[in-house]
Amino acid sequence: MATRRIIPCLDVAHGRVVKGIQFQGLRDAGDPVDLSQAYEAQGADELVILDVAATPEGRGHAVRTVEAVRAALRIPLTVGGGLRTVDDARQLLEVGADKVAVNTAAVRRPELLGELAEAFGVQCVVLAIDAARARDEAPTDSGYEVVVRSGKERTGRDVVQWAIQAVEQGAGEILLTSWDRDGTRSGYELPLLKAVSSAVNVPVIASGGADTIQHLDEAVQAGADAVLAASIFHDGQSTVADVKAALIERGLEIRP
């Protein structure tokens with residue numbers, strides 16, 4: 001069994017970490033630099049920073065936040081939010097991102113994934129998919145559709161078909177977030193996770209709904225190569241070290 005990664009996520013807006021439910025009702029959760037340092041000290045394998053206000057506000061990522069976090073961080077860093085072009089990605093990589101995540105812009109123009117892979121390598125390109133259960137009046141083959149603009153717009157596009165297409169275009173990893181589960185602490189959307197992870201040959205990061213060790217374990221059993229969580233760490237419910245120790249006890253291959 002491959003080693004699984006534990007990845008805290010920092011949703012940021014205007015220089016602060018925020019957390020909400022289904023990308024709405026955002027509340028302040030702390031300073032990104034302080035939290036990044038804490039999670040690294042606890043043993044986080046990687047960190048993800050998503051500027052959740054960038055796309056809805058029609059702007060690029062808050063580069064200064066990334067720069068400040070990288071100055072305090074040694075572990076790998078993935079950055080997303082507001083990325084639309086190769087130049088946007090280059091700017092984020094130059095200030096310290098190891099990988100860039102793209103969502104809405106790739107849905108609008110899938111060729112962007114290939115352009116990013118050609119410029120920086122497949123290993124740098126993460127496709128962020130926000131997935132919602134499909135509506136009865138607009139069903140999809142998988143039962144899930146892609147949503148964009150921080151969940152504000154439904155596309156009608158089938159999530160599994162989009163994941164397959166994106167990997168063909170140049171995505172080297174998929175960050176898969178359940179819009180329905182985001183911030184609810186009701187567990188990951190396991191059927192969604194199984195469907196996507198079984199359809200692609202790149203790592204899939206499970207996101208949206210984590211609350212307990214059981215939830216993280218279930219995500220791995222469903223096919224996740226990494227599990228991402230926010231609320232349980234931001235609210236002090238668990239530390240990364242606690243989570244790792246508990247998963248190791250369950251027999252999972254986790255970096256201590």
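Note that the structure is predicted; figures quoted are calculated from it, not measured. (Residues numbered from 1 in each chain as written. Predicted model: local features only at pLDDT ≥ 70, side-chain atom pairs only at ≥ 80, totals over all residues. Heavy atoms only, no water.)

### Some points on unusual backbone geometry
Phi at histidine 14 takes a positive value of approximately 55°, unusual for a residue other than glycine. Within the secondary structure, histidine 14 is located in the loop between strand S1 (5-13) and strand S2 (16-21). Residue classification places histidine 14 among the exposed residues on the basis of a relative accessible area of 57%. For arginine 185, which is not glycine, the phi torsion reads 60° and is therefore positive. Inspection of the secondary structure puts arginine 185 in the loop between strand S10 (173-178) and helix H7 (190-197). (Helix = DSSP H or I, 4+ residues; strand = E, 2+ residues; numbered from the N terminus. Buried < 20%, exposed > 50% of the residue type's maximum accessible area, 1.4 Å probe, protein only.)

### Observations concerning the pairing of strand S8 (residues 144-148)
With five of five residues buried, S8 lies mostly within the body of the structure. Of the two faces of S8, the one lined by Tyr144, Val146 and Val148 and the one lined by Glu145 and Val147 are each fully buried. Bridge count for strand S7 (residues 125-133) against S8 is four bridges, and the pairing is antiparallel. When the bridges of S8 are listed, alanine 131 appears paired with valine 146. (Pairing = 2+ DSSP bridges.)

### Observations concerning the environment of isoleucine 213
Mapping isoleucine 213 onto the fold places it in helix H8 (residues 213-221). Taking C-alpha positions, isoleucine 213 is 7.1 Å from leucine 247, a pair spaced 34 residues apart along the chain. Apart from the residues within four sequence positions on either side, isoleucine 213 is in contact with Val243, Ala246, Leu247 and Arg250. (Contact = heavy atoms within 4.5 Å.)

### Overview of the pairing of strand S5 (residues 77-80)
Residue alternation in S5 divides its side chains into two sets, Leu77 and Val79 and Thr78 and Gly80, and both sets are buried. Here strand S4 (residues 47-51) pairs with S5 via four bridges, running parallel. Counterpart to valine 48 in the pairing with S5 is threonine 78. You can see the chain leave S5, run along helix H3 (residues 86-94) and come back into strand S6 (residues 99-102), and the turn it takes is right-handed. (Right-handed = clockwise from strand over helix to strand, strands pointing away.)

### Quick look at the state of the cysteines
Applying the stated criterion across every chain yields a total of zero disulfides. In this structure cysteine 9 is a free cysteine whose sulfur lies 19 Å from that of cysteine 124, the closest cysteine sulfur available. Residue cysteine 9 is classed as buried on the basis of its relative accessible area, which comes to 4%. Residue classification places cysteine 124 among the buried positions, given a relative accessible area of 11%. (Disulfide = S-S within 2.5 Å.)

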